[in-house]
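# Tertiary structure, described
Each chain, written out:
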Amino acid sequence: MQKKYVVALDQGTTSSRAIVFDHDANIVSVSQREFTQLYPNPGWVEHDPMEIWASQSSVLIEVLARAGIHSDEVAAIGITNQRETTVIWEKATGKPIYNAIVWQCRRSAEICEQLKAQGLEEYVRDNTGLLLDPYFSGTKIKWILDNVPNARAQAERGELLFGTIDTWLVWKLTEGKVHVTDPTNAARTLLFNIHSLTWDNKLLEALDIPLSMLPEVKPSCSVYGTTRIAGEGSEIQVAGMAGDQQAALFGQLCVEPGMAKNTYGTGCFLLMNTGTKAVRSNHGLLTTVAVGPKGEVNYALEGSVFMGGATIQWLRDELGLIRDASDTEYFASKVADTNGVYLVPAFVGLGAPYWDPNARGALFGLTRGANRNHIIRAALESIAYQSKDLLDAMTKDSGVSLKRLKVDGGAVANDFLMQFQADITDVEVLRPSNCETTALGAAFLAGLAVGFWESVIELEHKACIDKHFIPNIDAQTRGSLYAGWQDAVARTRA
Ligand SMILES: Nc1ncnc2c1ncn2[C@@H]1O[C@H](COP(=O)(O)OP(=O)(O)O)[C@@H](O)[C@H]1O
Ligand SMILES: O=P(O)(O)OC[C@H](O)CO
């Protein structure tokens, strides 16, 4: 039967999605399922790997059933995923030995301090492009090996496997036959040398992690194995994968140096392609691996903010101020400003450009006149302020002053947020008509790997802009609003 579709699996921090794209990159069908967030201690975040698999495999079955698509019409399945989140399982049984430790989790802060005390900070910076922060997988792996009974002995006997979520999904999809990752995910582990593109022995030794646990690293645009939907029908190629932020960069076709996008999901992630040159940041950004026009390794500068849309979930789930994330637009627009209120959402510390794992969230400027709408507005504005922090750092590091910013992710549906982003950065914000660019990036990689699409040039005709947000405040107002934010951040850190 003719291959008409590519399916992207987008395993995000809060939900698992499966999206079917046709040859024109139109969305044919979407299926999505939220899963449980576990907070066993303050600052700790976990997921159940089996629940991740259950939600991801069920949406895959559902998305095809809903659209009446047979597996032999699917050219390939591409994977994109929340990065850094760490799963360790038994090779023989496929059973995880502990919950997945999520990228936001702060429990390995002390291990990071120990590595700093060993003088490894510069080495890490030079060879992995990262910083010593609990964000990345390496110290999470060590924590599991040090704290789960028998884990270290099992690891030393070669009985355990490590994977980020891409690796875990391919392992499950191929029924335990394939243990693989790609350079964009490997680059987030703290164990991968981004210049030689191999696992780094010195860091494996420092963290006491056996090499036998690590997956093979294959290009982001390759065929990794095959799967059958619910164990039935014809085999589908699993081809193409990238960490979600790099997939979004590729989905937005930012494949040339100087092209950038900002994704507003659970966190916010601003990435700029720097081509074949790995640019070292002097302003608190990361150097990471991206995907080039032919699926090859490119580099990117990245600013990572831990609480983006998650701040809105907090308003909904913990404070009960809204019923749905989209309500925030209505309430924020009911007031002319925040009445001097600033929310610094350092709930799990602060990421780029501050890298302060010990900072905690704070609300400033409360007066008797401050009401719910001001707090909701301050929460939305905090997402835009954090993104401005990233954009300013990016300009300093790259020397490129962006005039236009491509955006995507769940929270860009919010017009208030997008307009405020344009106002506070003085940059035009471009929202694509398909905001599922993360999934699109994975679909592109999978489709290119199996010849469903020929080249990136063919893909360029498939993207279009839904809305332009033009800056609309004066420089003085912008300056004083941002100064208030910087003051609030400084006080949070103190
Ligand atoms: N209209 C909206 N306004 C503000 N935030 C929103 C809106 N819709 C969704 N969000 C936020 O966006 C996030 C979901 O985006 P998504 O890209 O699906 O995230 P992820 O891939 O990290 O799971 C949630 O944190 C949610 O609170
Ligand atoms: O789940 P998201 O889309 O917020 O992305 C999570 C990032 O990959 C973490 O680095």
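The model shown is predicted, which means the values in this text are computed figures rather than measured ones.

What counts, and where the lines are drawn
Residues numbered from 1 in each chain as written. Chains lettered and ligands numbered in written order. Predicted model: local features only at pLDDT ≥ 70, side-chain atom pairs only at ≥ 80, totals over all residues. Heavy atoms only, no water. Axes fitted to C-alpha atoms, helices over the stretch in contact; angles between N-to-C directions. Helix = DSSP H or I, 4+ residues; strand = E, 2+ residues; numbered from the N terminus. Parallel < 35°, antiparallel > 145°, perpendicular 65-115°, else oblique. Contact = heavy atoms within 4.5 Å. Nonpolar A, V, L, I, M, F, W, Y, C, P; charged D, E, K, R; others polar. 1 Å grid on protein atoms, 1.4 Å probe; cavity = no way out; pocket = protein on both sides within 12 Å on 5 of 7 lines; lining within 4 Å. Points joined across faces, edges and corners; volume = space filled by probe spheres on them. Phe/Tyr/Trp six-rings, centres within 6.5 Å; stacked < 30°, edge-to-face > 60°. Buried < 20%, exposed > 50% of the residue type's maximum accessible area, 1.4 Å probe, protein only. Lys NZ or Arg CZ within 6 Å of the ring centre and 35° of its normal. Polar contact = N/O pair within 3.5 Å; in protein donor to acceptor, adjacent residues only side chain to side chain. Near = heavy atom within 4 Å. Areas by Shrake-Rupley, 256 points an atom, 1.4 Å probe, with all protein chains shown as cover. Sits in = over half its atoms within 2 Å of the grid points. Expected span 1.5 Å × (residues − 1).

### Here we look at the packing of helix H9 (residues 244-251) against helix H14 (residues 437-449)
Put simply, H9 and H14 touch, their axes get as near as 7 Å, and they point 75° apart. Considered as vectors, H9 and H14 are oriented roughly perpendicular to each other. Here Asp244, Ala247, Ala248, Phe250 and Gly251 of H9 lie close against H14, whose contacting residues are Thr437, Thr438, Leu440, Gly441, Ala442, Phe444, Leu445 and Leu448. Partitioned by chemical class, the residues of the contact of H9 with H14 number eight nonpolar, four polar and one charged.

### Concerning empty space enclosed by the protein
Throughout the structure, instances matching the rule amount to one cavity of 30 Å³ or more. Along its surface, the largest cavity is lined by Val305, Leu350, Gly351, Ala352, Tyr354, Gln386, Asp389 and Trp485. Looking at the lining of the largest cavity, its residues break down into five nonpolar, two polar and one charged.

### Some thoughts on the packing of aromatic side chains
How two aromatic rings sit relative to each other is set out by the distance from centre to centre and by the angle between their planes. In total, this model carries 22 aromatic pairs according to the counting rule given. An angle of 10° between the planes, with centres 5.2 Å apart, marks the rings of tyrosine 385 and tryptophan 485 as stacked. Taken together, the residues span a long stretch of sequence, with tyrosine 385 in helix H12 (residues 372-398) and tryptophan 485 in helix H16 (residues 475-493) at a distance of 100 residues. Across the pair, exposure class does not vary: tyrosine 385 and tryptophan 485 are buried alike. Members of the aromatic cluster, each reached through a chain of ring pairs, are Trp103, Tyr135, Phe136, Phe269, Phe306 and Trp355. Between the NZ or CZ atom of arginine 107 and the centre of the ring of tryptophan 143, over which it lies, the distance is 4.6 Å.

### Some thoughts on the side chain of glutamine 246
Take glutamine 246: it is sitting in helix H9. Looking at glutamine 246, its side chain comes within polar contact range of the main-chain oxygen of valine 289, at 3.1 Å. Discounting residues that sit within four places of it in the chain, glutamine 246 has contacts with Arg83, Thr184, Arg188, Leu271, Thr288, Val289 and Ala290.

### Concerning the site of ligand 2
Gly12, Thr13, Gln82, Arg83, Glu84, Trp103, Tyr135, Asp244, Gln245, Thr266, Gly267 and Phe269 make up every residue found near ligand 2. Between an oxygen atom of ligand 2 and a side-chain N or O atom of arginine 83, the distance comes to 3.0 Å. Glycine 267 is positioned such that a nitrogen or oxygen atom in its backbone is 3.4 Å from an oxygen atom of ligand 2. Coverage of ligand 2 by the protein chains reaches 93% of its 310 Å² of free accessible surface. Taking a 2 Å distance to the grid points as the criterion, the majority of the atoms of ligand 2 fall inside the largest pocket. Residue classes in the shell around ligand 2 are distributed as three nonpolar, six polar and three charged.

### Remarks on the side chain of threonine 174
Summarising the element assignment, threonine 174 is placed in the loop between helix H6 (165-173) and strand S9 (180-181). For threonine 174, a relative accessible area of 3% corresponds to the buried category. At 3.5 Å, the side chain of threonine 174 forms a polar contact with the backbone oxygen of tryptophan 171.

### A closer look at H14
Taking 1.5 Å per residue, 13 residues should reach 18 Å; H14 reaches 18 Å between its end C-alpha atoms and fits that length. The element H14 is largely enclosed, with a buried count of 12 among its 13 residues. Those residues of H14 not exposed but buried are Thr437, Thr438, Ala439, Leu440, Gly441, Ala442, Ala443, Phe444, Leu445, Ala446, Gly447 and Leu448. One or two positions beyond H14, positive phi appears at glycine 451, with a value near 80°.

### What about the site of ligand 1?
Taken together, 16 residues lie around ligand 1, and Thr14, Thr266, Gly309, Gly410 and Asn414 are the ones closest in. The contact in question runs from an oxygen atom of ligand 1 to an N or O atom on the side chain of arginine 17, over 3.2 Å. A distance of 3.0 Å separates a nitrogen atom of ligand 1 from a polar atom in the side chain of asparagine 414. Relative to its unbound accessible surface of 580 Å², ligand 1 loses 86% to contact with the protein. With respect to the detected pockets, ligand 1 is housed in the largest pocket. Top contributing element to the shell around ligand 1 by residue count: helix H10 (residues 309-317), with four residues.

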